[in-house]
Amino acid sequence: AYLSVSRGGMDILLRVTPAGAIEEVSLKDVSYSRKALANPVSMDAKSRRGQSLRGEAITDLVYSDGALYIAGLSNEEFASTLRKVAFPFDDSETATSIEIYHAAHQQYETHAPIRTLTAYNLDQAPHVLASYTCTPLVTFPVSKLENGVHLMGKTVAEFGSGNRPLDMIVYTSGDNDYILMANSNRALMKIDPRDIEKSEAITTPVTERYGTAGTKFIAINQVGVQQIDNLNGDYVLALQRMSNGSLDLRSMQKSRL
């Protein structure tokens with residue numbers, strides 16, 4: 001397992017061996033490619049509370065079928081942006097400004113960035129599934145991601161305010177696919193993509209505090225999960241903050257989720 005971490009102000013790559021040893025991975029003389037994003041949010045951009053927004057130039061990314069999807073903020077009037085770039089990298093970039101209806105906030109939003117996203121085929125067409133703070137789940141058809149276009153996402157669920165989604169993956173158990181989402185103030189959430197396909201768009205407020213609406217979910221009895229990924233066909237790998245304060249890397253059996 002590989003972990004990207006910050007230590008002393010520097011980003012480093014760690015490797016956790018099957019025996020449990022933790023090693024730093026040297027990137028000296030390792031070949032790489034890079035992609036500079038067009039018009040990311042500027043260094044001096046501030047939120048309403050005076051906090052720097054530069055760290056939200058990229059909030060999450062996912063690779064799918066030859067493309068890298070990158071969520072974050074730009075300098076455009078409608079700052080929330082979903083980018084699509086080819087990989088291996090070339091000179092092209094598709095940057096689409098995006099808007100959502102946030103039922104818990106009772107308003108349309110164009111500046112709130114996607115917090116976590118994944119890619120999945122809904123109704124046999126490629127989509128990006130995205131989740132935002134407080135916690136709407138929104139779908140964007142990949143076919144509608146065009147450079148310079150403004151796109152309204154389809155809000156299919158409201159999973160409750162007072163929460164920040166941290167990570168989201170697709171996993172397979174038995175014959176079915178599921179979406180698994182880790183949260184800052186909620187247990188793990190399991191979502192059936194077939195329920196997303198059947199969901200109507202949410203266009204009215206959710207006024208109840210911590211209220212939910214739209215696509216149903218199952219709360220999995222696991223809290224403190226920071227990051228998740230597929231380990232193999234049978235297990236999900238999770239980075240989890242335990243009740244004693246330790247940060248554990250552990251596997252979870254998919255058939256029990």
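Residues numbered from 1 in each chain as written. Predicted model: local features only at pLDDT ≥ 70, side-chain atom pairs only at ≥ 80, totals over all residues. Heavy atoms only, no water.

Section: the pattern of salt bridges
What the rule picks out here adds up to six salt bridges. Two residues, Arg15 and Glu23, come together in a salt bridge whose shortest N-O distance is 3.1 Å. Note on Arg15: relative accessible area 29%, which makes it partly exposed. The salt bridge involving Arg194 is made with Asp192; its shortest N-O contact spans 2.7 Å. Arg194 gets classed as partly exposed once you look at its relative accessible area, which sits at 42%. Exposure remark for Asp192: the relative accessible area of 15% places this residue in the buried category. (Salt bridge = Lys/Arg side-chain N within 4 Å of Asp/Glu carboxyl O. Buried < 20%, exposed > 50% of the residue type's maximum accessible area, 1.4 Å probe, protein only.)

Let's talk about the side chain of Thr155
As for its position among the elements, Thr155 is in strand E13 (residues 154–158). Using a relative accessible area of 2% as the deciding quantity, one classes Thr155 as buried. A polar contact of 2.8 Å, which involves the side chain of Thr155, links it to the backbone oxygen of Tyr101. Leaving out residues up to four positions away in the same chain, Thr155 has contacts with Ile100, Tyr101, Pro136, Leu137, Val138, Glu200, Ala201 and Ile202. (Helix = DSSP H or I, 4+ residues; strand = E, 2+ residues; numbered from the N terminus. Polar contact = N/O pair within 3.5 Å; in protein donor to acceptor, adjacent residues only side chain to side chain. Contact = heavy atoms within 4.5 Å.)

Description of unusual backbone geometry
The omega torsion across Phe87 and Pro88 is 5°, close enough to zero to call that bond cis. Even without being a glycine, Asn39 presents a positive backbone phi close to 60°. Mapped onto the elements of the fold, Asn39 is located in the loop between strand E3 (22–24) and strand E4 (60–64). In this structure, Asp65 takes a positive phi of about 50° despite not being glycine. One can find Asp65 in the loop between E4 and strand E5 (67–73).

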